[in-house]
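Fold and contact review
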Amino acid sequence: MCGLAGVARRQPRGVATRMLRRMAEAIRHRGPDGSGVYADERVGLAHVRLSIIDLEGGAQPMANEEGSLRVVYNGEVFNFPTLREELESHGHRFRTRSDTEVLLHGYEEWGSGLPQRLNGQFAFAIYDRRTRSIFLARDRFGILPLFYALRDGDLYFASEIKALLASGEIAAALDPEGLDQVFTFWAALPPRTPFRGISTLEPGCCARWQGGRLAITRYYHVDFPEPAAEPSDALCRLDDLMRSAVGMRLLADVPVGGYLSGGLDSSAVCALASATSTEQLRTFSVAFDDPRFDESDHQRAAAGNAHSRHAVERISRSDIARVFPDVIRHAETPLLRTAPAPLYLLSRLTRRDGIKVVLTGEGADEVFLGYDLFKDTVVRLFCLRHPESRIRPRLFERLYPHEGAGARRGDFWAGYFLSSGSPGDPLFSHLPRFRPTCWIKDFYSPEFRHLLRDFDPLAELRAQLPANFAQWSPLGRAAYLELVTLLSPYLLASQGDRMAMAHGVETRVPFLDHRLFEFAAALPERSKLRGLREKDILRRWAPIALPRTVADRPKQAYRAPDVPPFVGPRPPEYAVELLQPASLRRTGIFDPQAVAGLLRRCQSGTATGTRESQALVGILSTQLWHHEFCERRSTAAPLPRASLRLTPKWEIA
Amino acid sequence: MNEITPLPEMEIVDRTRSWVRENFLYMRTDWKLGGDDPMLGSGVIDSVGVIELVEFLQRTFGIDIADEEITETNLDSLNAVGRFVHQKCNARSGAERRPRQVA
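Predicted model, so just to flag it, every value in this text is computed and none were measured.

**Remarks on the sheet that holds strand β1 (residues 2-8) of chain A**
Residue and element names in this part refer to chain A. Strands sit in the order β2-β3-β1-β9-β8-β10 across an open sheet of six strands; the sheet is antiparallel. A strand with exactly one partner marks an edge of an open sheet, and here the two such strands are β2 (34-39) and β10 (199-200). Note: β1 against strand β9 (residues 154-158), four bridges, orientation antiparallel. Each bridged residue has a counterpart across the sheet, and for Val 7 the counterpart in β9 is Tyr 156. Contacts from helix α1 (residues 17-26) reach β1, β2, β3 (43-49) and β9 within the one sheet, and its direction differs from that of β2 by about 145°.

Below is the structure:
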C-alpha cells in the first residue's frame, strides 16, 4: 500500500510541484520507500510508495505508453495476474510486473467498468489527459481510504486528510454534523467526515471529475439473499474460498506476516497462511497488563498451531496515554474508544521487525454474524413476539453469562434490550448501541447544541438505506448496518488502515474478499447464527485448520482500557490541559461544568460503565483532534458547504 | 433499647434524587426528574448505573437488596425506590422490635 494525493484545476493555471511535495510529505508514513510527483497545467499527482510488488518497476505516478493516462494508486489488486493475461490477450503490452500497470491498461480496456473487475483493496486516481478528467475509485468495503474536497470546481484528493490540508488551499474546520455522527455511530458516516467540506468516497463507489463537477456512481451493491437451505457443498466451497482468499493475499515480493488476536478468525487466517508459505510465518499480537483485556494464552496457542515466529507488544495504561495524541493525529477523527492505540503500537513493532504486510481476521464477524449484537437482535425479536412472557427474557442472561449478578440479570437487564426500539424500526438491531452512545451529547455546550439544531443522524441514516433493505431479513439488515456504520468508517479506518499505515504496514483482509462475502451473505442465517452459536459454518469448517480448542473458543470482544490511562495520580499533561474549563470553552463543543462532573466521577473510580468511559475518551479525543487540526494547522479559508449552519466561531482565520 | 424509626418515604425519595442528580444528571442540570419518571427507559440510568443505585441504597439506608428484588417495579422511578426502601426499612425495624426467642 501507499499514499496518493492530487489536485485537478478547472482552469489551466497549473499545480505547483512544491505544493504536491508538501502533500506527499504529509503522508510519507504511508510510503517510506519512494515518492514521485507529476504536474501539468491542469493536474498534479503525488505518490509515496510502500514497495511490495515489483520493487524496482512500480514507481508512480505511472503513465501509459502514450502518456495520455496517469495513475496514482494505493492498494493491492490480488487478481492482477489473471487480469494481465486477459489484457495481454486483447493486445495490451506491459512494461512492468506491477499491479499498478494493470489499472492503466484495464482503464483503457474497460473504462469506468474497471473497479468491478478488481479483487482487492484499493483507492486510486486516473488522470485522462484526453478528456481532462479524473477517475477515482475505492474498494468495495472501504479497506483503503480516499478523501476529497471541491473548491471553486477544483478537485483535491488524497489518502489522508492531512495531505489535503498540506496543500494550503483546503482549511480544517469542524463539521458539527460529522462530529454528531461520531457521537452516534462511533464514526462519521461516508461521505461525511468530521471536517467541514471534506468528504470521503463511499466504499464501493467510483467518481469522475470533469469540467469542475464530480459525479459519483456506486459500482458495488451488497445484497443478502437468503435461500431456504444450506447448499450441500457449502463447507467445500467455504474451504476453497478461504484458501483462495488467503493464498491471493500472500502475493508479495516481501515477507507477509499476520496479526493474531487469539480468536477464531485471525487464527484461521494465520494457520492457512502458514500452511501455504514457504518460509516461517511471522505473527504479532497485543497483550495487556490488565488481565480483563488480555488474550495472551490463546494467542500463544494459535501461534504454536501456525508454527510461527511470534512477537508480542505488551500494553500498559501509560502506553495508551503516551501515544493517544499520535493515534488521533493518524485517525483524523475523534474516537470513543482507546482500542486503536494498541494497534498503533503493534504496527510499530511489526515494522521494526522488518514486516510491512500482515494478514488480519477483520471482517469475519460481519460476514459470519459473530458479534453479540446479532444475537441480541434475535433474542429481542423472540421476546417481543410474546411481551407477556417471563421466561423468554431470561435468554439475555444466557447471552452475557460472564456479566455477573445484580443489575445485569433479570428484569432490568432484559428491559434494557426490550425497550430499545420496536421491530418496525429499520435500525432496530443497532438502537441498543446507538442510543447509549448518543448519551455523550448530553455533554454538548448549549452553543454547540444550537449549531446542530434539528439534525438527527438516525433519521438521516433511515432515509439513506438502500431500496432493497426492507426486503432483507432482520439479520440481513443488521449485517448491512454493521458494515456501513462500524466496519467501514471505524474498524477498517480508525482501527485498521490508519493505525497500520502510521508505521508503513499494510493490512490485508481475506474475510473481505468479495467472493467470500457474497458466499456468506447468500447462506441461510442459521448457517451463520445457529441458536446462540455465532459463526456456525466457520466453526464447522475450522477444525480443518485449527485445534478444537481454538475452533470452539467463544468470541471475546477486543477492548483496551479506556478511562485508566487518563485519570489517576499522574494523568498525562495534555489531558489535564485540554479538559480544563478554559480549553473546553475555547473549543466550545462541550459544557465545562458537565465535563468537570465526569472527571470527578472518573477520578473517584465510580465511572465504571461504558457510557462514561466513551464520554471521557470522546471528549478528550475531540479536544485533541480540534487542537491538532483546527487550531494548529490550516491557514486557508474554510470551504463553503450548503448543508452547514455555522457561526464564524467555527471558522479558522 | 433504642427504637429504630424508619425514614419517611419522602426523605428516601429526596436523598435518592440528590444522589441521582449528582451522579447521573451532572451533565444535564436542566433535566426535571419527576417522582414517577422512568429512570431506565429515559436513559438516566443504564445497567451499570443500576448496580451503583443498588449499592447506594444499601449503603445509605442500611438494607440488603437481593438479586430478585432488582426489578423495574422496585427501582425504575424515585417514587418506586421510596416505596421499596421504605417497606424494606419497615420490615427490618419490625424484625428488630420482635422479642428474641429464648431457648
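**With respect to the environment of B:Arg15**
Here B:Arg15 shows up in helix α1 (residues 9-24). Residues within four places of B:Arg15 in sequence aside, it is in contact with B:Leu7, B:Phe56, B:Thr60 and B:Phe61.

**With respect to the pairing of strand β15 (residues 309-315) of chain A**
Residues and elements named next belong to chain A. As paired elements, strand β14 (residues 282-288) and β15 share seven bridges and run parallel to each other. Looking at β15, one finds that Thr 283 is bridged to His 310. At this point the chain moves from β14, through helix α8 (residues 296-306), to the parallel β15, and the crossover so formed is right-handed.

**Digging into the domain arrangement of chain A**
Residue and element names in this part refer to chain A. By the assigned domains, chain A splits into domain 1 (2-218) and domain 2 (223-653). Between domain 1 and domain 2, the C-alpha centre-to-centre distance is 27 Å. Taken residue by residue, the interface counts 64 residues in domain 1 and 76 residues in domain 2. Across the interface of domain 1 and domain 2, roughly 6200 Å² is buried in total on both sides, 63% from carbon and sulfur atoms. Counting across the domain 1 and domain 2 interface gives nine salt bridges. Notably, a salt bridge pairs Arg 508 with Glu 76, separated by 3.6 Å at the nearest N-O pair. Taken together, the connections running from domain 1 to domain 2 amount to 18 residue pairs in polar contact (both at pLDDT 80 or more). Listed by contribution, the elements that provide at least two residues to the side of domain 1 that touches domain 2 are α2 (80-89), β8 (147-151), α4 (161-166) and α5 (176-185). Sort the elements by how many residues they give to the side of domain 1 that touches domain 2 and α5 lands first, with nine residues. Its residues assigned to classes, the side of domain 1 that touches domain 2 shows 38 nonpolar, 11 polar and 15 charged.

**Description of the interface of chain A and chain B**
Where interface size is quoted, it is often the accessible area lost as the parts come together. Between chain A and chain B, the residue contacts involve 24 residues of the former and 23 residues of the latter. Overall, the association of chain A and chain B removes approximately 2100 Å² of surface from exposure, summing both partners, and the carbon and sulfur fraction of that is 56%. On inspection of chain A and its partner chain B, the count reaches two salt bridges. Salt-bridge contacts for B:Glu52 lead to A:Arg601; the nearest nitrogen and oxygen are separated by 2.7 Å. For the interface between chain A and chain B, the tally reads six residue pairs in polar contact (both at pLDDT 80 or more). When residues of the side of chain A that touches chain B are traced back to their parent elements, those giving at least two are α14 (410-418), α25 (592-604) and α26 (610-631) of chain A. Ranked by residues supplied to the side of chain A that touches chain B, first place goes to α25(A) with six residues.

Each value, and the rule that gives it
Residues numbered from 1 in each chain as written. Chains lettered and ligands numbered in written order. Predicted model: local features only at pLDDT ≥ 70, side-chain atom pairs only at ≥ 80, totals over all residues. Heavy atoms only, no water. Pairing = 2+ DSSP bridges. Helix = DSSP H or I, 4+ residues; strand = E, 2+ residues; numbered from the N terminus. Contact = heavy atoms within 4.5 Å. Axes fitted to C-alpha atoms, helices over the stretch in contact; angles between N-to-C directions. Right-handed = clockwise from strand over helix to strand, strands pointing away. Domains from an automatic or database assignment. Buried area = accessible area lost by both parts, 1.4 Å probe. Salt bridge = Lys/Arg side-chain N within 4 Å of Asp/Glu carboxyl O. Polar contact = N/O pair within 3.5 Å; in protein donor to acceptor, adjacent residues only side chain to side chain. Nonpolar A, V, L, I, M, F, W, Y, C, P; charged D, E, K, R; others polar.

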